[in-house]
Amino acid sequence: MKIKSIHSRLLTWLTIPLGLVSFLAFLIIFFLLSRNVNQHFDNALLVAEKGMEERLYVKDGVLRFALPHFGIDIQTSGGEGSVFFSVEDGNKRRLVGHEDIPKPHTTKERMFYNTMYADQEVRALYVKYEMYRNTKVYNATIIVAETLEERRALINEILLITIGITFLIVFIAIIASIFAVKKGIEPLVNLQYFIKQRDIHDLTPIEEEVPQEVDSLIKSINNLFIKLKNSFLHVENFNADVSHQLRTPLCELKVLIETDKLLKSSPNKNQYLNIIDGMAHTTQQLLLAAKTNPDAFDRDWFKPLNLSELCQKVAKEKVPFIHENGFEFAYEVSENIWINGGPIVLQELLSNLIDNAIKYAIDEDKKPIGTITLSLLQKDDAIILSVEDEGYGIPNEYLLNIYDRFFRLDTRKEGSGLGLGIVKQIAELHRALVKIENKKPQGLKVSIIFKS
Ligand SMILES: Nc1ncnc2c1ncn2[C@@H]1O[C@H](COP(=O)(O)OP(=O)(O)OP(=O)(O)O)[C@@H](O)[C@H]1O
Ligand SMILES: [Mg+2]
């Protein structure tokens, strides 16, 4: 299963408990407030009941209720609810008030209860009252009831306010969590960005400041980088050493063949010399491939360089050879174009491309075809260096493999199959792209696209 990002994990694990705690807090607050509201209303019923107790008196040995000017006044009923009451004496004779208000089944002296009266739900207070007069006890039952609109309205209001406050708190907490998570993982995001920016061949240690938690991971990666770089260096040094070691005996062999008296008139002499030239060329290309491997190459010595002047220099060296081989040469180089790079490797790149054009832009009779064009131009924020010929080009289906080491289309032709791979490596060293395209009506154009 794919692991979710740290960002969403943190947010999930912050918001779920936060949501639950807020919900719980909401329930507790709501419960406490509703209880207080009910208590407040019940107290008001109690006060009204007390007022009714005070109106009871005894006359002629009979319990009576002082009726004149009686009006029940319950503070809480702000005019919306209805109030009912009744007072009975010990013989269940109604002294005052409404008929048949339901009584609770209780033996308690005083009790609050909910019941139905006049088709409405009411909250009622039931009190058994005893009055002592002249050593006699007079019993009375007082009931005061109130409809529930006022309570409900207040409780609903509290409910709305509590919901509003809870939402506000949750909202603020979520915003704070998002901000905190963002701040918390900022070093990781920066590290990710920094690593993304790095070149894939860059094996120098990561030196970003990192949080403690990933410090050991970064140290392990850095150790791995060092080991990798060393092993690339080892392989490429070995490769370079072998090529180097082969060069001297090949040169000696060539001199020997050229000067050997027995071979002087041999018809095979030229073939031997061609084979040795081919081997020398391959060792030289291998050496160059080893030296320009981006994984082992040190870019530190790259410096600002006038690419236009470099083109001029290569053109001067190559033009005699191009003409010697029967091609026309076109030079379309804009002046004063600068890049950051290595002059020696760039010369090798151009030399390989021009050699390819000379070698492959020929017809079936090995006759040169057309013109070889060297061009350099700046287009928007790209600098494009290209070599174009008018030969038969490369069939499109091979364009993807053409950079592979030792890949050659026609093995009858001389060549080691390393040139375009080297060109790509050198371009990568300069963070440039290589584009190879067949032109119409015919020809091959190889472009190196640098970011300016
Ligand atoms: N300008 C070109 N026109 C047509 N085919 C080409 C051109 N350049 C390269 N090719 C084809 O691509 C193949 C690979 O070229 P690449 O330069 O990598 O190797 P190579 O020329 O064979 O050997 P090396 O460059 O090492 O001497 C060549 O063998 C050739 O078939
Ligand atoms: Mg080549």
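In this text the structure is predicted, and so the values were computed from the model without any measurement. (Residues numbered from 1 in each chain as written. Chains lettered and ligands numbered in written order. Predicted model: local features only at pLDDT ≥ 70, side-chain atom pairs only at ≥ 80, totals over all residues.)

Let us now look at the overall build of the protein chain. For the protein chain, the helix and strand inventory stands at nine helices and 14 strands. Relative to the globule expectation of 22 Å for 452 residues, the C-alpha radius of gyration of the protein chain, 50 Å, shows a markedly less compact shape. Put simply, the protein chain has 452 residues, and 19% of those count as buried. A separation of at least 24 residues holds for 67% of the contacts in the protein chain among residues at least 6 apart in sequence. (Helix = DSSP H or I, 4+ residues; strand = E, 2+ residues; numbered from the N terminus. Rg over C-alpha atoms; globule rule 2.2 N^0.38 Å. Buried ≥ 20, exposed ≤ 12 C-beta atoms within 10 Å, placed from the backbone. Contact = placed C-beta atoms within 7 Å.)

This next bit is on the domain arrangement of the protein chain. Split into domains, the protein chain comes out as domain 1 (6-156), domain 2 (212-291) and domain 3 (300-451). With seven residues of domain 2 in contact, the opposing surface of domain 3 contributes eight residues. For the side of domain 2 that touches domain 3, the per-class residue count stands at three nonpolar, four polar and no charged. (Domains from an automatic or database assignment. Nonpolar A, V, L, I, M, F, W, Y, C, P; charged D, E, K, R; others polar.)

The next point concerns the site of ligand 1. If you check the shell around ligand 1, you find 24 residues, and the closest are Arg-408, Leu-409, Gly-415, Gly-419 and Leu-420. Listed by contribution, the elements that provide at least two residues to the shell around ligand 1 are helix 6 (269-291), helix 8 (343-360) and helix 9 (419-429). No other element matches helix 8, which puts four residues into the shell around ligand 1. Split by residue class, the shell around ligand 1 holds ten nonpolar, eleven polar and three charged. (Near = placed C-beta within 6 Å.)

This brings us to helix 7 (residues 307-324). With 18 residues, helix 7 ought to run about 26 Å at 1.5 Å a step, and its terminal C-alpha atoms sit 26 Å apart, in line with that. Lys-318 marks where helix 7 bends most, by close to 40 degrees; the proline Pro-320 follows one to four residues later. Of all the positions in helix 7, only Leu-307, Leu-310, Cys-311, Val-314 and Ile-322 are classed as buried. Directly after helix 7, the chain includes Gly-326, whose backbone phi takes a positive value near 90 degrees. (Expected span 1.5 Å × (residues − 1). Bend = angle between axes of the 7 residues up to and from the residue.)

This next bit is on the nonpolar core. Grouped together as the largest cluster of nonpolar side chains are 40 residues, with contacts concentrated most on Leu-353, Ile-354 and Val-387. With seven residues, the single largest contributor to this core is helix 8. Each of domain 2 (212-291) and domain 3 (300-451) gives at least three residues to this core. (Core = buried A, V, L, I, M, F, W, Y, C linked by C-beta atoms within 7 Å.)

Pairing is mixed in the open sheet, where five strands are placed in the order 9-11-12-14-13. Whereas interior strands pair on both sides, the edge strands pair on one side only; in this sheet they are strand 9 (328-333) and strand 13 (433-438). Each strand of the sheet is rotated relative to its neighbour by a mean of 15 degrees, with strand direction disregarded. Where strand 9 meets strand 11 (residues 371-379), six bridges bridge the pair, whose relative direction is parallel. Its bridge partner lying in strand 11, Glu-332 is registered against Ser-375. Docked against the sheet, helix 7 engages strand 9, strand 11 and strand 12 (382-388), running at close to 175 degrees with respect to strand 9. (Pairing = 2+ DSSP bridges. Axes fitted to C-alpha atoms, helices over the stretch in contact; angles between N-to-C directions.)

Okay, the sheet that holds strand 4 (residues 94-97) next. One key point about sheets: their strands pair by backbone hydrogen bonds, in either a parallel or an antiparallel sense. Judged by pairing direction, the sheet is antiparallel, and its five strands sit side by side in the order 4-3-7-6-5 without closing on themselves. Both edges of this open sheet fall to strand 4 and strand 5 (110-117), since each of them pairs with a single strand only. Within this sheet the neighbouring strands show an average axis-to-axis angle of 20 degrees, counted without direction. By the bridge criterion, twelve bridges tie strand 6 (residues 120-133) to strand 7 (residues 136-147) in an arrangement that is antiparallel. Bridge assignment links Tyr-132 to a residue of strand 7, and that residue is Val-137. Strands in contact with helix 1 (residues 6-54) are strand 3 (83-89), strand 5, strand 6 and strand 7; relative to strand 7, the strand with the most contacts, it is inclined by about 140 degrees.

This part takes up unusual backbone geometry. For the bond running from Lys-440 to Pro-441, omega is -5 degrees, close enough to zero to count as cis. Take Pro-441: it is sitting in the loop between strand 13 and strand 14 (444-451). Of note in the backbone geometry, Ala-118 takes a positive phi value of approximately 45 degrees without being a glycine. Within the secondary structure, Ala-118 is located in the loop between strand 5 and strand 6. In this structure, Lys-366 is a non-glycine residue whose phi angle is positive, near 65 degrees.

A few words now on the confidence of the model for the protein chain. The predicted coordinates should not be examined in detail at positions where pLDDT is low. For the protein chain, per-residue confidence averages 91 on the pLDDT scale, and 97% of positions sit at 70 or higher. No element of the protein chain has a lower mean pLDDT than helix 5 (residues 261-264), at 85, and none a higher one than strand 12, at 98. (pLDDT = per-residue confidence, 0-100.)

Bringing the environment of Ser-177 into the picture now. Note that Ser-177 resides in helix 2 (residues 149-184). Between the C-alpha atom of Ser-177 and that of Leu-20, which follows or precedes it by 157 residues, the distance is 15 Å.

Let us now look at the packing of helix 4 (residues 212-259) against helix 6. In contact at an axis separation of 8 Å, helix 4 and helix 6 are set at 160 degrees when each is read in the N-to-C sense. The angle between helix 4 and helix 6 places the two elements in the roughly antiparallel class. The crossing of helix 4 and helix 6 is left-handed. The segment helix 4 lies against helix 6, with Glu-236, Asn-239, Ala-240, Ser-243, His-244, Leu-246, Arg-247, Leu-250, Leu-253, Lys-254 and Ile-257 engaging Lys-269, Tyr-272, Leu-273, Ile-276, Met-279, Ala-280, Thr-283, Leu-286, Leu-287, Ala-290 and Lys-291. When grouped by side-chain class, the residues that make up the contact of helix 4 with helix 6 number 13 nonpolar, four polar and five charged. (Parallel < 35°, antiparallel > 145°, perpendicular 65-115°, else oblique. Left-handed = near helix turned anticlockwise from the far one by under 90°.)

Before going further, it helps to examine the pairing of strand 2 (residues 62-65). As defined by bridge partners, strand 1 (residues 56-59) adjoins strand 2 across four bridges and the pair is classed as antiparallel. Residue pairing for strand 2: Lys-59 is matched across the bridge by Val-62. Connecting strand 1 to the next strand, strand 2, in antiparallel fashion are two residues, including Asp-60 with a positive phi near 55 degrees.

This part covers the packing of helix 8 against helix 9. Between helix 8 and helix 9, the least distance of the axes is 9 Å, while the angle of their chain directions is 145 degrees. The interaxial crossing formed by helix 8 with helix 9 has left-handed handedness. Within the contact between the two elements, helix 8 uses Val-345, Leu-346, Glu-348, Leu-349, Asn-352, Leu-353 and Asn-356 and helix 9 uses Gly-419, Ile-422, Val-423, Ile-426 and Leu-429. In terms of residue class, the contact of helix 8 with helix 9 is built from eight nonpolar, three polar and one charged.

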